[in-house]
Amino acid sequence: MTSLRFVFLFLLTSFSALAQKDYKLWLQYSTVANASISKEYKDNLKGIVVLGNSETIKITQKELKTGFLEMLENVPEIKSELKGENNLIIGSRSNLNSEIRKELQSDFDKINDEGFLIKTISFKNKKQIIIAGKTDVAVLYGVFNFLRLMQTNKSIQNLHVADSPKTNIRILNHWDNLDRTVERGYAGFSLWNWQKLPDFIDQRYIDYARANASIGINGTVLTNVNANALILMPQYLEKVEALANVFRPYGIKVYLTARFSAPIEIGKLRTADPKDPEVINWWKNKAAEIYQRIPDFGGFLVKANSEGQPGPQNYGRDHVDGANMLADAVAPFKGIVMWRAFVYSEHDANDRAKQAYAEFQPYDGKFIENVIVQVKNGAIDFQPREPFHPLFGAMPKTPLMMEFQITQEYLGFSTHLVFLPKLFQEVLESDTYQKGKGSTVAKVIDGTLYQNKLTGIAGVSNIGNDLNWTGHPFAQANWYGFGRLAWNPYLDSETIADEWLRCTFSNDEHFIKPVKKMMIDSREAVVNYMTPLGLHHIMDTGHHYGPGPWVSDLSRPEWNPTYYHKADKNGIGFDRSKSGTNAVSQYAPEMAKVFNNLETCPEKDLLWFHHVSWDYKLKNGKTLWNGLALKYQEGVNQVAEMQKVWNKAEKYVDIERFNEVKMLLEMQQKEAKWWRDACLLYFQQFSGKELPSGVEKPTETLEYFKSLKFPFAPGNG
Ligand code: GCW
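Residues numbered from 1 in each chain as written. Predicted model: local features only at pLDDT ≥ 70, side-chain atom pairs only at ≥ 80, totals over all residues. Heavy atoms only, no water.

- As recorded in an unreviewed UniProt entry, the protein chain goes by the name Xylan alpha-1,2-glucuronidase, listed as coming from Flavobacterium fluviale.
- The Sequence similarities (unreviewed entry) comment attached to the protein chain in UniProt states, word for word, "Belongs to the glycosyl hydrolase 67 family."
- Reading the Catalytic activity (unreviewed entry) entry of the UniProt record for the protein chain gives the comment "Hydrolysis of (1->2)-alpha-D-(4-O-methyl)glucuronosyl links in the main chain of hardwood xylans." (UniProt positions renumbered as here; feature names shortened; annotations may be inferred.)

1. Side note on the UniProt feature "domain: Glycosyl hydrolase family 67 C-terminal" (unreviewed entry) in the protein chain
Part 1 of the argument: Sites flagged by UniProt as "domain: Glycosyl hydrolase family 67 C-terminal" (unreviewed entry) map to residues 470–695.
Part 2 of the argument: Counted over residues 470–695, helix gives 53% and strand 2%. Its end C-alpha atoms are 34 Å apart. (Helix = DSSP H or I, 4+ residues; strand = E, 2+ residues; numbered from the N terminus.)

2. Overview of the packing of helix H17 (residues 509–530) against helix H21 (residues 624–647)
Part 1 of the argument: Their axes nearest at 8 Å, the elements H17 and H21 cross at an angle of 155 degrees. Classed by the angle they form, the pair H17 and H21 counts as roughly antiparallel. As for the relative orientation of H17 and H21, their crossing is left-handed in sense. Side by side, H17 and H21 meet where Phe511, Pro514, Val515, Met518, Asp521, Ser522, Glu524, Ala525, Asn528, Tyr529 and Met530 of the first sit next to Lys631, Tyr632, Glu634, Gly635, Val636, Gln638, Val639, Met642, Val645 and Trp646 of the second.
Part 2 of the argument: Residues belonging to the contact of H17 with H21 are distributed by class as follows: 13 nonpolar, four polar and four charged. (Axes fitted to C-alpha atoms, helices over the stretch in contact; angles between N-to-C directions. Parallel < 35°, antiparallel > 145°, perpendicular 65-115°, else oblique. Left-handed = near helix turned anticlockwise from the far one by under 90°. Contact = heavy atoms within 4.5 Å. Nonpolar A, V, L, I, M, F, W, Y, C, P; charged D, E, K, R; others polar.)

3. Examining the site of the ligand
Part 1 of the argument: For the ligand, the set of nearby residues contains 15 residues, the closest of which are Glu183, Lys303, Arg340, Asp381 and Glu409.
Part 2 of the argument: With respect to the ligand, the side chain of Glu183 contributes an N or O atom lying 2.4 Å from an oxygen atom.
Part 3 of the argument: In the complex, the protein chains occlude 97% of the 340 Å² of accessible area that the ligand would expose alone.
Part 4 of the argument: Here the residues of the shell around the ligand are counted per class, giving four nonpolar, three polar and eight charged. (Near = heavy atom within 4 Å. Polar contact = N/O pair within 3.5 Å; in protein donor to acceptor, adjacent residues only side chain to side chain. Areas by Shrake-Rupley, 256 points an atom, 1.4 Å probe, with all protein chains shown as cover.)

4. Topic: the pattern of salt bridges
Part 1 of the argument: The tally for this structure, following the rule as stated, stands at 37 salt bridges.
Part 2 of the argument: Note that Glu241 is salt-bridged to Arg293, the shortest N-O span being 2.8 Å. Taken together, the positions of Glu241 in helix H8 (residues 234–247) and Arg293 in helix H10 (residues 277–293) put the pair 52 residues apart, joining distant regions of the chain.
Part 3 of the argument: For Glu241, a relative accessible area of 22% puts it in the partly exposed group.
Part 4 of the argument: With relative accessibility at 27%, the residue Arg293 sits in the partly exposed group. (Salt bridge = Lys/Arg side-chain N within 4 Å of Asp/Glu carboxyl O. Buried < 20%, exposed > 50% of the residue type's maximum accessible area, 1.4 Å probe, protein only.)

5. Considering the domain arrangement of the protein chain
Part 1 of the argument: On domain assignment, one finds that the protein chain holds domain 1 (23–163), domain 2 (169–496) and domain 3 (528–574 + 611–707).
Part 2 of the argument: Taking only C-alpha atoms into account, the centre of domain 2 sits 31 Å from that of domain 3.
Part 3 of the argument: Note on domain 2 versus domain 3: buried area summed over both sides is about 2,200 Å², and carbon and sulfur give 60% of it.
Part 4 of the argument: If you sort the residues of domain 2 by the area they bury against domain 3, Tyr410, Thr415 and His416 come out on top, with a joint share of 24%.
Part 5 of the argument: Linking domain 2 with domain 3 are zero salt bridges, by the criterion used here.
Part 6 of the argument: Linking domain 2 to domain 3 there are ten residue pairs in polar contact (both at pLDDT 80 or more).
Part 7 of the argument: Its residues assigned to classes, the side of domain 2 that touches domain 3 comprises nine nonpolar, nine polar and six charged. (Domains from an automatic or database assignment. Buried area = accessible area lost by both parts, 1.4 Å probe.)

6. Details of the packing of aromatic side chains
Part 1 of the argument: Evaluated as defined, the whole model comprises 47 aromatic pairs.
Part 2 of the argument: The interplanar angle of 85 degrees and the centroid separation of 5.1 Å between the aromatic rings of Trp26 and Trp479 together place this pair among those described as edge-to-face. Residue Trp26 is located in the loop between helix H1 (2–23) and helix H2 (35–44), and its partner Trp479 is located in helix H15 (residues 476–487); the two are separated by 453 residues in the primary sequence. Each member of the pair, Trp26 as well as Trp479, carries the same accessibility label: buried.
Part 3 of the argument: Summarising the aromatic geometry, the rings of Phe260 and Trp339 are spaced 6.1 Å apart at their centres and angled 90 degrees between planes, so their arrangement reads as edge-to-face. A residue pair is termed long-range when its members are at least 10 positions apart, and Phe260 in the loop between strand E9 (253–257) and helix H9 (262–265) and Trp339 in strand E11 (residues 336–340) qualify at 79 residues.
Part 4 of the argument: Owing to a relative accessible area of 2%, Phe260 belongs among the buried residues under this scheme.
Part 5 of the argument: A network of ring pairs unites the aromatic residues Tyr23, Trp26, Trp192, Tyr205, Tyr208, Phe247, Trp469, Trp479 and Tyr480 as a single cluster.
Part 6 of the argument: For Arg352, the ring lying beneath its charged end belongs to Tyr344, and the centroid distance is 3.8 Å. (Phe/Tyr/Trp six-rings, centres within 6.5 Å; stacked < 30°, edge-to-face > 60°. Lys NZ or Arg CZ within 6 Å of the ring centre and 35° of its normal.)

Set out below in structure tokens:
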């Protein structure tokens, strides 16, 4: 009996120790395995001097202790004053001794308020490492970056880092509902336990803030853009306030979604007309009420007159009227309004891809200073691949922020391993040509192209209350990578993958090299087995899980996959060229020309811009039909390759995460085949052609694939 109990207890503790690994994200702080590196760290870190005593500085000190204890298995002495050499000095500028401050002056000149310095200095002939910034939060960022250097086993001998975020607002958008369901969420329920707030502070909130701070995320929108006005009621604001209090020392501001009809729904007004004095007043009072509780409240995110959400157009007003009215209400408190440009209308027969530009571009220069327009990366909707949104670069007098989707609504939910920073990078690097060559999307976003002061990147969160936060262990990399790119939109996705793997799993090159390649290739794999050559939005209805190219019976034409692929016996693809919907004309002339011409249009975007015949010759000499079929097969093969790579990774990772990823890759392989077979069987009805050699024969019929139904697919509200 006793021994059984012992075995049970042993199993229990070892299980929880393993489970914690998943929970710890990229902050594993694994013991430094390499003896000479560990020695270098110990030699250079004899003592720690912490200056200041704010909550943020206390957190910073705790983080260092945790990091050192786990990585070096001891904590250097915490000194109350600077003595001896090889100390780590931590503090914001105003807390530094005046000589050091002077010495660092030129470095301080290079950074902004959130930027940090990590520098090896010689002070009174003694070598020290200093981590400083102009604010305490900047110091926290510096410390996380320093710990990352150690986690990735970099040398800390001669450091000279001066790094500032290139965007102001680096923010997660949670599509979390008040009942804790998460729209397009695949990692469990919402983190926010509204029922137990404000009195019960879940440890999760603290760990969430810490993880975000470690990658420089400084804002969070707690609620779904398909908004519920109740969040603005006092009984909810009290809960929001409690969360804001937890997040504040981590440099994270809280934002809420504002339901445009809230003045009617909770304010008992008869209208929500943004020009109505009572409505204006209602929002002013509401803003004052919120700021009374949360003095650093960030502001509002608004989805208006989009997919049935109320908005200014319900009252014959426009987006500018609505956004400016709300922005006026938060302006006295330095709040902002993020107004989404994700609009398309069932009353507009125009190509959906053209509608947001058509509606928003003419508003350029009309929004007041504290409004920023939030634009999705592509003109349709978070597809595995889309050309960049034509609004980027086309509104020189309006700050535009990027909206990426980290949650994988159209990319296999939390089942498929897809490394999204590769997708994000492709968008950010795209040249809009709006101010000549080199006018990249990144430059629009960081404000350098048009000298905007207000800049930002939003990511629709993939976080839920699953033990590992994101459902798929590798989906943690997408949260991580989003944060890193929001901080620096010019970072390379390979660098991000490298950092993440080292921090999350292992520094062993035999592991890093193949697994990094697997991550990098995973994005193209999903494009290949779902929507190759520019196909888009052919996912099944509503939940968007699995293929549904045949769906054609939805009430709004642009909700139907058949609207997007336009397959017929002549060919396939959406003609957005000059002879089609002329969506190409929304791009700068240089890009319009490239996209318009079949010869120059990148093949990866071919069927996005052109309807081409089944016999059209691709660059590799294959017919479109054969090329398409082979791309689907390639996607399946790539997943098989990912499985091979992962199977060899077993000795470098803990058994629990190893098995999770292994099982998920097996599912991904099955689903990739499902995509290939269902799409090819469906398109074959139009092409009337045999599958080329090299493409596996489907084992099921088209009717079978069409019969598959998923009434309870997650994330669908
Ligand atoms: O992609 C679509 C999603 C909706 C979402 C909408 C949006 C929050 O299917 O679930 O609603 O985009 O971005 O507003």
